[in-house]
Amino acid sequence: MATTTSITSTYAGEFAGKYISAALLSGSTIEQGGVEVKPNVKFKEVIKKVATDANIIKDATCDFTPTGTVTLTERILQPEEFQVNLELCKSNFTSDWEAVQMGYSAFDNMPPKFSDFMIGHVAGLVAEKNEKTIWEGVNANAGEYDGLVTLALADADVIDVASHAAVTASNVIDKLGSIVDAIPSALYGKEDLHIYISQNIARAYVRALGGFAATGSNGYEGRGTNQSLGNNLLFDGVKLFVANGLNDDTAMAAEKSNLFFGTGLLSDYNEVKVLDMADLDGSQNARIVMRYTAGVQYGIGSDIVLYHAA
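All values reported here derive from a predicted model rather than from experimental measurement.

Draft legend 1. Main features of the pattern of salt bridges. Evaluated as defined, the whole model comprises eight salt bridges. Between Arg 291 and Glu 81 there is a salt bridge; the shortest N-O distance is 3.8 Å. Of this pair, Arg 291 sits in strand E13 (residues 285-298) while Glu 81 sits in strand E5 (residues 80-89), and the two are 210 residues apart along the sequence. A relative accessible area of 31% places Arg 291 in the partly exposed class.

Draft legend 2. Representation of the environment of Asn 55. Structurally, the position occupied by Asn 55 is in the loop between strand E3 (45-52) and strand E4 (70-77). Judged by its relative accessible area of 38%, Asn 55 is partly exposed. Each C-alpha atom, one on Asn 55 and one on Thr 69, is 7.4 Å from the other, the two residues being 14 residues apart in sequence. Beyond its immediate sequence surroundings of up to four residues, Asn 55 is in contact with Thr 67 and Gly 68.

Draft legend 3. Structural context of the environment of Lys 42. The residue Lys 42 is located in the loop between strand E2 (36-38) and E3 in this model. A relative accessible area of 53% means that Lys 42 is categorised as exposed.

Draft legend 4. Examining the nonpolar core more closely. Of all hydrophobic cores here, the largest spans 48 residues; its most connected members are Trp 135, Leu 148, Met 252, Leu 259 and Phe 261. Sorting elements by how many residues they give to this core places helix H4 (residues 114-136) first, with nine residues. Apart from residues lying up to four places away in sequence, Leu 259 is in contact with Val 35, Glu 36, Trp 135, Leu 148, Tyr 196, Met 252, Ala 254, Gln 297, Tyr 298 and Ile 304. One finds Val 167, Ile 183, Tyr 205 and Val 305 within the second-largest nonpolar core, a separate group that totals 25 residues.

Draft legend 5. Seen up close, the sheet that holds strand E8 (residues 234-235). Reading across the sheet, the six strands line up as E6-E14-E10-E7-E9-E8 and stay open at both edges, with mixed pairing between neighbours. Strand pairing shows two members of the sheet lacking a second neighbour, strand E6 (159-160) and E8, which therefore form its edges. The strands touched by helix H6 (residues 172-182) within the sheet are E6, strand E7 (193-197), E8, strand E9 (238-242), strand E10 (250-255) and strand E14 (305-308), with E14 carrying the most contacts at an inclination of about 150°.

Draft legend 6. Fine view of the side chain of Glu 144. For Glu 144, the position within the fold is in the loop between H4 and helix H5 (148-153). Side chain to side chain, Glu 144 and Lys 129 meet in a polar contact 2.8 Å long.

Draft legend 7. Layout of unusual backbone geometry. Phi angles above zero are rare outside glycine, and Asn 40 is one such case at about 60°. Tracing the chain through its elements places Asn 40 in the loop between E2 and E3. Positive phi outside glycine occurs at Asp 236, with the angle close to 50°. Among the structural elements, Asp 236 can be located in the loop between E8 and E9.

Draft legend 8. Examining empty space enclosed by the protein more closely. For the structure shown, the criterion picks out one cavity of 30 Å³ or more. Space inside the largest cavity adds up to approximately 40 Å³. The element best represented in the lining of the largest cavity is H4, accounting for four residues.

The rules behind the values
Counting restarts for each chain: residues are numbered from 1 in the order of the written sequence. Restriction of local features to residues with pLDDT of at least 70 applies here, the model being predicted, together with a cutoff of 80 or more for giving and counting side-chain atom pairs; totals for whole chains, interfaces and linings are based on all residues. Hydrogens and waters are ignored; side-chain quantities use all the structure's heavy atoms. The term salt bridge refers to a pairing of a side-chain nitrogen on Lys or Arg with a carboxyl oxygen on Asp or Glu at a separation within 4 Å. Helix and strand labels come from DSSP, where a helix needs a run of H or I of at least four residues and a strand needs a run of E of at least two; each type is numbered from the N terminus. Classification of residues uses two cut-offs on accessible area relative to the type maximum, computed with a 1.4 Å probe and protein chains only: under 20% is buried, over 50% is exposed, and between them is partly exposed. Contacts are residue-level and defined by heavy atoms, with any inter-residue pair within 4.5 Å sufficient. To form a nonpolar core, buried Ala, Val, Leu, Ile, Met, Phe, Trp, Tyr and Cys residues must be joined to one another through side-chain atoms within 4.5 Å. Paired strands are those between which DSSP finds at least two bridges. Lines fitted to C-alpha atoms define the axes, with helix axes restricted to the stretch in contact, and inter-axis angles between N-to-C directions lie between 0 and 180 degrees. Polar contact is the term for a pair of N or O atoms within 3.5 Å; when the atoms are in protein, one must be able to donate a hydrogen and the other to accept it, and sequence-neighboring residues count only if both atoms are side-chain atoms. The rule is simple: put a 1 Å grid over the protein atoms alone, call a set of points where a 1.4 Å probe fits but cannot get out a cavity, call an open set with protein on both sides within 12 Å along at least five of seven lines a pocket, and count a residue as lining if it has an atom within 4 Å of a point. Grid points are joined across faces, edges and corners, and a volume is the space filled by probe spheres set on the points.

Here is the structure:
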């Protein structure tokens, strides 16, 4: 006899926000602290930029004499509203869920209710999509907002690295070097300065450390190709951050404090619904409805270096 699983669940308000938070914050960029997260942005938030000229300091006199010029400009962080409308067949997930109920799952936090299991599955898909959109999203595409790379490509203030090329283990040292060389001197050495790199650049660099490039035949610390530096990758003293959402051969040098992700998160219109269609049409389908807001922005374009080979 086939297993029958019934669902009657609606999550709203703060409780729903927990699911949506998990979906949005589980991507590697946010989960590992790669950008500043601004929650509870109901509509939009203004990011102020302060610029001064070179005439701040003057020779001392007995009088108060205003000197220099302070210019205030702004960029707008305005999360967009998105929704998830999915229909899934319950029978495709029942065996996995029953394994969880019986204690065979390797995942300690798997929820006991089938509705929670289904939402967890969808939240993972949302997290994967959002990670990609943070960097490479294009507002004209359905379900996306302009990502950081998209914004940077359209900004003349952003510093573009001229030596664009596909990155390999044989040229990765040279290409990462060209990024570091382009970093403004005022930024180099800042504590939260990172070079955000795509996975293929990370792999090429680790291979280069293994002896492919100028590190010697036995590689870094004589480990050969057995390099395992985890999240502690550095290049010329600058931290490397592997951003899974970046396209191949793409990198961005910036301060973490200059990159922002905004969302409503726990706003009262957040809602998650799991609708069991069995009583309505006799099917084994379940519909999942989620709503959330998300968007990215940076503060100062001239403090960003972009390597974009495409």
